[in-house]
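Read off the chains here:
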Amino acid sequence: MSDNQNQPRVYIFDTTLRDGEQSPGCSMTVPEKLRMAAKLVDLGVDIMEAGFPIASEGDFEAVQKVSEQFPMVRVAALSRATKGDVERAAAALDKAKAPRIHTFIATSDIHLEFKLKKSRQQVLEDAIRAVELARKYVDDVEFSAEDATRTDIEYLEQISQAVVAAGARTVNLPDTVGFSVPEDYSERIARIARLLGDSAIVSVHCHDDLGLAVANSLAAVKAGARQIECTMNGIGERAGNCSLEEVVMVMKTRQDYYPYQTQIVSKELYPASQMLSSIITFGPQPNKAIVGANAFAHEAGIHQDGYLKNKSTYEIIDPQSVGVPAGKLILGKHSGRHALKERVKELGFEELTKEQLDMVYKCFTNAADNKKGFTNEEITEFIETALEKTAEKVS
Ligand code: KIV
Ligand code: ZN
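## Here we look at the nonpolar core
Formed by 97 residues in total, the largest nonpolar core has its most connected members in Ile228 and Leu244. Considering every element that reaches this core, the biggest residue donor is helix H7 (residues 153–166), with eight residues. Both of domain 1 (11–279) and domain 2 (297–394) provide at least three residues apiece to this core. Leucine 244 has contacts with Ile12, Asp14, Leu43, Val45, Cys230, Thr231, Met232, Ile264 and Leu269, leaving out every residue within four places of it along the chain. Leu352, Val360, Phe364 and Ala386 belong to the second largest nonpolar core, which has 19 residues in total.

As structure tokens, this is what we get:
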């Protein structure tokens, strides 16, 4: 997406169809996953995680069909670090042109003690075995150290080095519970990136429990991570995952801070977001950055006046560059004369006199306090009233 081909490349690993899909209100049927997958291909994601094949027949079929129908994209299948899971993931990816097995195991003491009831040594051995087995089926294996941000850093270094020696090409360090903050996460990522050097790609996967998933992912990229795992509209477990549209647009808009390139076609962001909203049970909140209904809407009079003089006064992104039809001026109680005059013109009443326009503005402000906004029909009624009143005066 960047013009500068010399910039380091950041790979976008989309997990809308896996982490996103496993959250409340987001489950998708196989045909729905295929529809969404087509949009993700248009969007230019590098890797698409299509499901967790051991979890259900539907997930198995989704991975199988997505990888068969979209050979142009790398397709990942999730598996725990067990023989059965890895074999099931491999079977689902059997016909894939560019398959990736993504195997994971928790590494924090909290998870080891309460969930897995295993020692660090046992988990280390499970991880190595799973990666070695996965490599028998595919060349591209990713290992995730679940709950990496609450894992002892020396143990995290040990397991990261061991899985790379076993054949993993990507080491993902998830902030599984959204606990990390940018400074903490970037230190951790920098340590592992330094340790692994060119032997593997360091990946990040952030949850948004503290609202920091995008900030943490960007801090990690600055610290050496080269793969971001994210979802459209930020859907995912609990508060969701790092939002794809946000993280990509930060890198595009603030190249001065993030001089990296991705392959994302930004004008496909809004269509992809709309497609997802039509499939799952909810859309992004109206004030969601980039894809929310209000993301490019202006209501305050001072903002509308500035925007009408020059869009750059209040818009840092051209809405069309992310596929949003055009910036919107909302007529509500905070709007000023400038925006109203523009709307009156758009509605075809070009030659309203100053007196008539003042009348329309008066009707509008009188009614505005009790309204959330006005439709074009309501504005037209104000105009017609003003036209009738001035006609009466003349006759
Ligand atoms: O949040 C997480 O740790 C995950 C892993 C399975 C990558 O989703
Ligand atoms: Zn996750």
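Now that the structure has been shown, we can carry on.
## Regarding the sheet that holds strand E8 (residues 227–230)
Taken in spatial order, the eight strands close into a barrel running E1-E2-E3-E4-E5-E6-E7-E8, and their pairing is parallel. Neighbour-to-neighbour, the strand axes of this sheet turn through a mean angle of 25°, independent of strand direction. Looking at chain direction, strand E3 (residues 74–80) and strand E4 (residues 99–106) are connected through six bridges and run parallel. The residue of E4 that forms the bridge with alanine 77 is isoleucine 101.

## Here we look at the site of ligand 1
Near ligand 1 you find Arg18, Asp19, His102, Phe104, Ser144, Glu146, Asn172, Pro174, Thr176, His205 and His207, and these make up its full shell. Between ligand 1 and arginine 18 there is a distance of 3.0 Å, counted from an oxygen atom to a side-chain nitrogen or oxygen. Here an oxygen atom of ligand 1 sits 3.1 Å away from a polar atom, N or O, in the side chain of histidine 207. Against a free-state accessible area of 260 Å², the protein chains account for coverage of 94% of ligand 1. Listing elements by their share of the shell around ligand 1, those giving two or more residues are helix H1 (16–20), E4, strand E5 (140–146) and strand E6 (170–175). Taken together, the residues that form the shell around ligand 1 break down as two nonpolar, six polar and three charged.

## Structural notes on the side chain of asparagine 172
Mapped onto the elements of the fold, asparagine 172 is located in strand E6. Excluding its chain neighbours within four sequence positions, the residues that come into contact with asparagine 172 are His102, Glu142, Phe143, Ser144, Ala145, Ser203, Val204, His205 and Glu229.

## Description of helix H10 (residues 244–253)
Of the residues making up H10, those classed as buried are Leu244, Glu245, Val247, Val248, Met249 and Met251. Of the surrounding elements, those touching the buried residues of H10 are strand E1 (11–14), helix H2 (30–43), helix H9 (213–222), E8 and helix H11 (269–279).

## Some points on the environment of aspartate 358
Along the chain, aspartate 358 turns up in helix H14 (residues 354–368). Separated by 89 residues in the primary sequence, aspartate 358 and leucine 269 have C-alpha atoms spaced 41 Å apart.

Calculation notes
Residues numbered from 1 in each chain as written. Chains lettered and ligands numbered in written order. Predicted model: local features only at pLDDT ≥ 70, side-chain atom pairs only at ≥ 80, totals over all residues. Heavy atoms only, no water. Core = buried A, V, L, I, M, F, W, Y, C linked by side-chain atoms within 4.5 Å. Buried < 20%, exposed > 50% of the residue type's maximum accessible area, 1.4 Å probe, protein only. Helix = DSSP H or I, 4+ residues; strand = E, 2+ residues; numbered from the N terminus. Domains from an automatic or database assignment. Contact = heavy atoms within 4.5 Å. Pairing = 2+ DSSP bridges. Axes fitted to C-alpha atoms, helices over the stretch in contact; angles between N-to-C directions. Near = heavy atom within 4 Å. Polar contact = N/O pair within 3.5 Å; in protein donor to acceptor, adjacent residues only side chain to side chain. Areas by Shrake-Rupley, 256 points an atom, 1.4 Å probe, with all protein chains shown as cover. Nonpolar A, V, L, I, M, F, W, Y, C, P; charged D, E, K, R; others polar.

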